[in-house]
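The lines below spell out each chain.
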Amino acid sequence: MVTRGFVGRRQPPETGARLPPGQYLTDDFPILQIGPNPTVDLATWQFTLREGSRPIKTWSWDAFEALPRTTWHGDIHCVTKWSKFDTAWEGVSFDDLLADAGISAPTPFLLAESYDDYTTNVPVTDLVGGRALVATRYAGQPIHPDHGGPARLFVPHLYFWKSAKWLKGLRFTTSDTAGFWELRGYHMYGDPWREQRYTGD
Amino acid sequence: MTEPIVFRWHRAEIAGIALATPHVTSVRLRCPLAESYRAGQHVDVRLTAEDGYQAQRSYSVASAQDGSGTLELLIEGLPDGEVSGWFTTVAQVGDQVELRGPIGGSFSWDGPDGGPLLLGGGGSGVVPLLAMLRRRAQGWRGIPAALIYSVHTRAEAIALPELERLAAEDPGFSLHLATTREAGGKRIDAGLIAEALRRTGPPGKVFLCGSNRFVAAASDLIVAAGVAPGVIRTERFGA
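Please read all numbers here as calculations on a predicted model, not as lab measurements.

Conventions adopted
- Residues numbered from 1 in each chain as written.
- Chains lettered and ligands numbered in written order.
- Predicted model: local features only at pLDDT ≥ 70, side-chain atom pairs only at ≥ 80, totals over all residues.
- Helix = DSSP H or I, 4+ residues; strand = E, 2+ residues; numbered from the N terminus.
- Rg over C-alpha atoms; globule rule 2.2 N^0.38 Å.
- Contact = placed C-beta atoms within 7 Å.
- Pairing = 2+ DSSP bridges.
- Axes fitted to C-alpha atoms, helices over the stretch in contact; angles between N-to-C directions.
- Buried ≥ 20, exposed ≤ 12 C-beta atoms within 10 Å, placed from the backbone.
- Core = buried A, V, L, I, M, F, W, Y, C linked by C-beta atoms within 7 Å.
- Nonpolar A, V, L, I, M, F, W, Y, C, P; charged D, E, K, R; others polar.
- Arc of directions from axis to C-beta.

1. Describing the overall build of chain A
Next, step 1: A count of helices and strands for chain A gives 3 helices and 11 strands.
Next, step 2: The C-alpha radius of gyration computed for chain A amounts to 17 Å, which stays within 12% of the reference 17 Å derived for 201 residues, consistent with globular compactness.
Next, step 3: Seen through its C-alpha atoms, chain A measures out along the principal axes to roughly 60 × 35 × 35 Å.
Next, step 4: Summarising the internal contacts of chain A: among those between residues at least 6 apart in sequence, 63% fall at separations of at least 24.

2. Concerning the sheet that holds strand β10 (residues 205–211) of chain B
Residues and elements named next belong to chain B.
Next, step 1: Across the sheet, 5 strands lie side by side as β9-β8-β7-β10-β11; this open sheet has parallel pairing. Each having just a single partner strand, β9 (173–179) and β11 (232–237) make up the two edges of the open sheet. Here the strands of the sheet are splayed against their neighbours by 10° on average, with no regard to which way each runs.
Next, step 2: Inspection of the sheet shows strand β7 (residues 117–122) paired to strand β8 (residues 145–151) by 6 bridges, in the parallel sense. Within β8, the position partnered with Gly 122 by the bridge is Ser 150.
Next, step 3: Of the strands in this sheet, β7, β8, β10 and β11 are in contact with helix α5 (residues 212–224), which crosses β10 at around 150°.

3. Topic: the environment of B:Leu166
All names here are of chain B.
Next, step 1: Checked against the element boundaries, Leu 166 lands in helix α3 (residues 160–169).
Next, step 2: On the basis of neighbour counts, which here come to 21 C-beta atoms within 10 Å, the residue Leu 166 falls in the buried class.
Next, step 3: Once the C-alpha coordinates of Leu 166 and Pro 22 are considered, the two residues, 144 residues apart in sequence, prove to be 22 Å apart.
Next, step 4: In contact with Leu 166, other than residues within four places in its own chain, are Leu 133, Ala 137 and Phe 173.

4. A few points about the pairing of strand β2 (residues 24–30) of chain B
All names here are of chain B.
Next, step 1: Pairing between strand β1 (residues 10–21) and β2: 7 bridges, direction antiparallel. Looking at β2, one finds that Ala 18 is bridged to Ser 26.
Next, step 2: Sheet topology note: the β2/strand β5 (residues 70–76) ladder contains 7 bridges and is antiparallel. Of the residues in β5, the one forming a bridge with Arg 28 is Glu 72.

5. Regarding the nonpolar core
The tendency in soluble globular proteins is for nonpolar side chains to be buried side by side.
Next, step 1: Counting residues in hydrophobic clusters, the biggest one holds 107 residues, and the most contacted among them are B:Leu119, B:Leu129, B:Leu130, B:Met132, B:Leu147 and B:Phe207.
Next, step 2: The contact partners of B:Leu119, leaving out residues within four places of it in the chain, are B:Leu129, B:Met132, B:Ala145, B:Ala146, B:Leu147, B:Ile148 and B:Phe207.

6. Some words on the interface of chain A and chain B
Next, step 1: Across the boundary between the two partners, chain A contributes 29 residues, which contact 38 residues of chain B.
Next, step 2: Taken together, the residues of the side of chain A that touches chain B break down into 12 nonpolar, 10 polar and 7 charged.

7. What to know about helix α3 (residues 94–101) of chain A
Residue and element names in this part refer to chain A.
Next, step 1: All of the buried residues along α3 are Phe 94, Leu 97 and Leu 98. Buried residues of α3 fall within an arc of 95° about the axis and therefore sit on the same side.
Next, step 2: At its buried positions, α3 is contacted by β2 (46–51), β5 (82–93) and β8 (133–138).
Next, step 3: Looking one or two residues beyond α3, the residue adopting positive phi is Gly 102, at roughly 70°.

Here's what the structure looks like:
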């Protein structure tokens, strides 16, 4: 359906090719979350891998910082339509996390769980093979609490609501279990290139 | 929630359009969604050019359901705004766009959710809070409410006459205006928060919307004033 008189602002081809459908480029780093930043103290911070309710392994901040580190450079895409190019993140890859725990993924799905009780679901296949980090640095610095520090999930090939802020753990689940936004109409998978913003997209 | 929520695109026709402030345009849209949203939720708006190019943006709904078959968006004209620019310079009554939603269940309120309600808005972040106050005025005036509203100047404040009239006639509602770029003006501070809390009593629901800077400051002050973080819901925009 054409809107009378709407022309739009076309991106230069080199930008357009990097923008998923319906997205626009921003130089800002907008902040979206459901409530205030939780208070997360590094002295008591813990990160726990669970299978259902059973803990598999827990790391303190110091133990987590001692794990092998992976860096990632590229573009991120938020379901609220902004994309940001050429971001730089560093953290522990999901593969290295599993290796340190001495396991392979026990189920095909998991729920990321945050200190503010936010949750979001991601299939394990989208986390392995270097596709995801638990990030602790952005642009070379510790991640500011506004952007999810001290540690956030980082899955850049999915819309950014999947990259849960203030991460406290990952819980393997036997089935694909909707998280906070997925229960409220957001897409279960969230591929920006297929514009999977909401259920049914 | 057993049924998945599905958002489909709906055709919407502009039923009314007018300047609300020097930088904000009020757009009344006739659309099926007008009968099925909660105060505080937002919608996605999609515009399509002759050649099929599309642009989408999210806008909070300013109205509360009123049986008119229309809903109101208050759209701030941004410099070079691809979508807002069309609304502020091209759009006229009868033009058609597409809408889907309503989106954002956690940042929404209705009378049965109760209160007291403490609302904090920075600039155009007041829009979803205005919807909540309009909903409250439809039959929930027994619920105490306060609006902390930070704006550059009074002239830029959205719906100021409506809010001041409501504050004057409704003892259960208080308006706490902070003008940051006017002589004698100030930013929100602990004193302003304390005054608002004195009027509402301990809030059951807190909704904050605005720039990141505003929401972070308001959120910190409200938590410092003793409000449980778990009752606070935020929506932020910009860097």
